[in-house]
Amino acid sequence: MVEQTKKARKNRVLVPDRYLESVVLLTPDWLRANGIEALLLDIDNTLVSRATQQIPDDVRAWIDLLIAQDFKLHLITNNWHKVVLQTAENLLLPIIYKAMKPLPISPLRALRRLGVKRHQTILVGDQMMTDIFAAKLLRMRSALVQPLTQTDLTHTKLLRNVEKILLGARQPEADRSELDGDGI
Ligand SMILES: [Mg+2]
C-alpha cells in the first residue's frame, strides 16, 4: 500500500493510474487495498451519458455500493449548466460545478469538504486534459474511464486526439468477472 503511494507520487507523467472501460471496474476491494477512502467523480460521460443524460443502472448500483461501504464521494464537474445539480440531488452526493479542472482549486475544496487527504483520494473522469491533469497537478491518483458515449462538445473532440497520442497503445481494462462478488 505504501509502495503504491510512493509510486503514485513519483508518477508525474500525464498517464492515469488506472484506465478502465467503466467506473464500475473500480472495485471497493481495489480501493481499500490501495488506501483510498474517497473518490472525486467527474459527471459528464463518466457517470452520465452526454447523449441521453441518464445514469446507467450499473453506475448507479456502483455508487450505492461505495456509499454502503463508507467510501466518501464528491462530484466535481466543469459543466456550467444547472442540470448537473439535479444529478447531484438524484445521487444524494455533494457537488462542485463550474469546477475549471484542471485547476486545483475545486478538487482541493472537495477534499476539504470530505475531510480527506490527497493520498486517500482518487480522481475519476473521462478526460485526460481536465480530469487526469487535475489529479497530476495535485499528485493525486487518477482513473481514466472510457466516455459513456461518443457525444462530446466540440473542444472535447479536439482534445480526444491528444488523448489518443498520450495513451498510445494502452487499452482500457475491461474485465468485469471480479464484480460478481460485489453484487453489481
Ligand atoms: Mg467528463
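Residues numbered from 1 in each chain as written. Predicted model: local features only at pLDDT ≥ 70, side-chain atom pairs only at ≥ 80, totals over all residues.

Asker: Where do I start with helix α4 (residues 83-91) in this structure?
Answerer: Residue pairs three or four apart in sequence face the same way in an α-helix, which turns once every 3.6 residues. Three or more residues of α4 are buried, namely Val84, Thr87 and Leu91. Down the axis of α4, the buried side of the element spans an arc of 50°, and every buried residue falls inside it. α4 presents Gln86 and Glu89 as exposed residues on the side facing more than 90 degrees away from its buried surface. Buried-residue contacts for α4 involve α3 (57-68) and β4 (95-96). Of the residues trailing α4, Leu92 is marked for its positive phi of about 55°. (Buried ≥ 20, exposed ≤ 12 C-beta atoms within 10 Å, placed from the backbone. Helix = DSSP H or I, 4+ residues; strand = E, 2+ residues; numbered from the N terminus. Arc of directions from axis to C-beta. Contact = placed C-beta atoms within 7 Å.)

Asker: Which parts of the structure should I look at to understand the nonpolar core?
Answerer: Nonpolar side chains tend to gather and get buried jointly when the protein is soluble and globular. Residues Val23 and Val124 are the most contacted members of the largest nonpolar core, which totals 35 residues. At the level of secondary structure, the elements contributing two or more residues to this core comprise β2 (38-41), α3, β3 (72-76), α4, α5 (105-114), β5 (121-125), α6 (128-137) and β6 (141-145). Those residues within four positions of Val124 in sequence are excluded, and the remaining contacts are Val23, Leu26, Leu39, Leu40, Leu41, Asp42, Thr46, Ala143 and Val145. (Core = buried A, V, L, I, M, F, W, Y, C linked by C-beta atoms within 7 Å.)

Asker: Any chance you could explain the pairing of β5 here in plain terms?
Answerer: The buried fraction of β5 is high, at five of five residues. Because side chains alternate across β5, one face comprises the buried residues Thr121, Leu123 and Gly125, and the other comprises Ile122 and Val124, equally buried. Direction of pairing for β5 relative to β6: parallel, over a ladder of four bridges. When the bridges of β6 are listed, Leu123 appears paired with Ser142. Taking the sense of rotation as the criterion, the β-α-β connection linking β5, α6 and β6 turns out right-handed. (Pairing = 2+ DSSP bridges. Right-handed = clockwise from strand over helix to strand, strands pointing away.)

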